[in-house]
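Secondary and tertiary structure notes
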Amino acid sequence: KAGVTQTPRYLIKTRGQQVTLSCSPISGHRSVSWYQQTPGQGLQFLFEYFSETQRNKGNFPGRFSGRQFSNSRSEMNVSTLELGDSALYLCASSQDGKGYTFGSGTRLTVV
Amino acid sequence: EDQVTQSPEALRLQEGESSSLNCSYTVSGLRGLFWYRQDPGKGPEFLFTLYSAGEEKEKERLKATLTKKESFLHITAPKPEDSATYLCAVQGAGAGSYQLTFGKGTKLSVIP
């Protein structure tokens, strides 16, 4: 059974640019969540999608957005990148909201 | 607002020296408390889910317990391969019931 797949694994972007990250959940899982992990703040919730609908959103600026497709794959977008957006972005999928399986993450570096 | 505090921040143990990690939490209606292990550069790896006070779960050298205010992760006779950061998270039953709130983690180092 394939796990949660995140692409790309590493990204280097320049301040002001935008970036799109992709997440393919475990087959059959309809819920996809996104988290930002930094050394100072730890893991912080960005948003959660279920059947193409956003059900929860964390306390992040509007520059952070996401969407989910009909096949449950999800993307998150960060516009007008800032140095502070450098982090490990993690995606997690769940079948019933009782267990969350994480991907290996996308390491974003903003220079 | 759900909150999770983990202690200690870092722990060094000799191989075979048992110890416990603490996770204190406040949540509006607990749907689940989760323990994860995270190795450097990787995503969190699921260990346990606990749902109600008094519940215990075991896996190899790890045992997780839950009370109404805290959870403990007991590590018995640890080995160097148990070195990792251990994360605790809660899922509440309130408005944020579709998100996990994480603690900052405990970085465990097991010395041979």
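Presented here is a report on the structure given in the accompanying data block. Being a predicted model, the structure only gives us computed values, none of them experimental. (Residues numbered from 1 in each chain as written. Chains lettered and ligands numbered in written order. Predicted model: local features only at pLDDT ≥ 70, side-chain atom pairs only at ≥ 80, totals over all residues. Heavy atoms only, no water.)

1. Remarks on the sheet that holds strand β3 (residues 19-24) of chain A
All names here are of chain A. Pairing within the open sheet is antiparallel, and its four strands lie in the order β1-β3-β8-β7. Each edge of the sheet is formed by a strand with only one pairing partner; in this case those strands are β1 (5-7) and β7 (64-68). With direction set aside, neighbouring strand axes in the sheet form an average angle of 20 degrees. Across five bridges, the pairing between β3 and strand β8 (residues 74-78) is antiparallel. Along β8, the bridge assignment pairs Val 19 with Val 78. (Pairing = 2+ DSSP bridges. Helix = DSSP H or I, 4+ residues; strand = E, 2+ residues; numbered from the N terminus. Axes fitted to C-alpha atoms, helices over the stretch in contact; angles between N-to-C directions.)

2. A short note on the interface of chain B and chain A
The partner chain A presents 21 residues to the 21 residues of chain B that form the contact. Both sides together, the interface formed by chain B and chain A hides about 1,600 Å², and carbon and sulfur atoms give 50% of it. The set of elements that each furnish at least two residues to the side of chain B that touches chain A consists of β4 (30-38), β5 (45-50) and β9 (84-92) of chain B. Taken together, the residues of the side of chain B that touches chain A break down into ten nonpolar, eight polar and three charged. (Contact = heavy atoms within 4.5 Å. Buried area = accessible area lost by both parts, 1.4 Å probe. Nonpolar A, V, L, I, M, F, W, Y, C, P; charged D, E, K, R; others polar.)

3. Thoughts on the pattern of salt bridges
Residue and element names in this part refer to chain A. Under the definition given, this model contains nine salt bridges over all chains. Linking Arg 63 and Asp 85 is a salt bridge whose minimum nitrogen-to-oxygen distance equals 2.8 Å. Of this pair, Arg 63 sits in the loop between β6 (53-57) and β7 while Asp 85 sits in the loop between β8 and β9 (87-94); the two residues are 22 residues apart in sequence, bridging distant segments of the chain. Relative accessible area serves as the criterion here: at 16%, Arg 63 is assigned to the buried category. Across the salt bridge formed by Glu 75 and Arg 73, the nearest N and O atoms sit 3.4 Å from each other. Take Glu 75: its relative accessible area is 16%, and that puts it in the buried class. The class for Arg 73 is partly exposed, based on a relative accessible area of 24%. Among the charged side chains, a salt-bridge network with shared partners connects Arg 63, Glu 82 and Asp 85. (Salt bridge = Lys/Arg side-chain N within 4 Å of Asp/Glu carboxyl O. Buried < 20%, exposed > 50% of the residue type's maximum accessible area, 1.4 Å probe, protein only.)

Nothing here speaks to function; it is all geometry.
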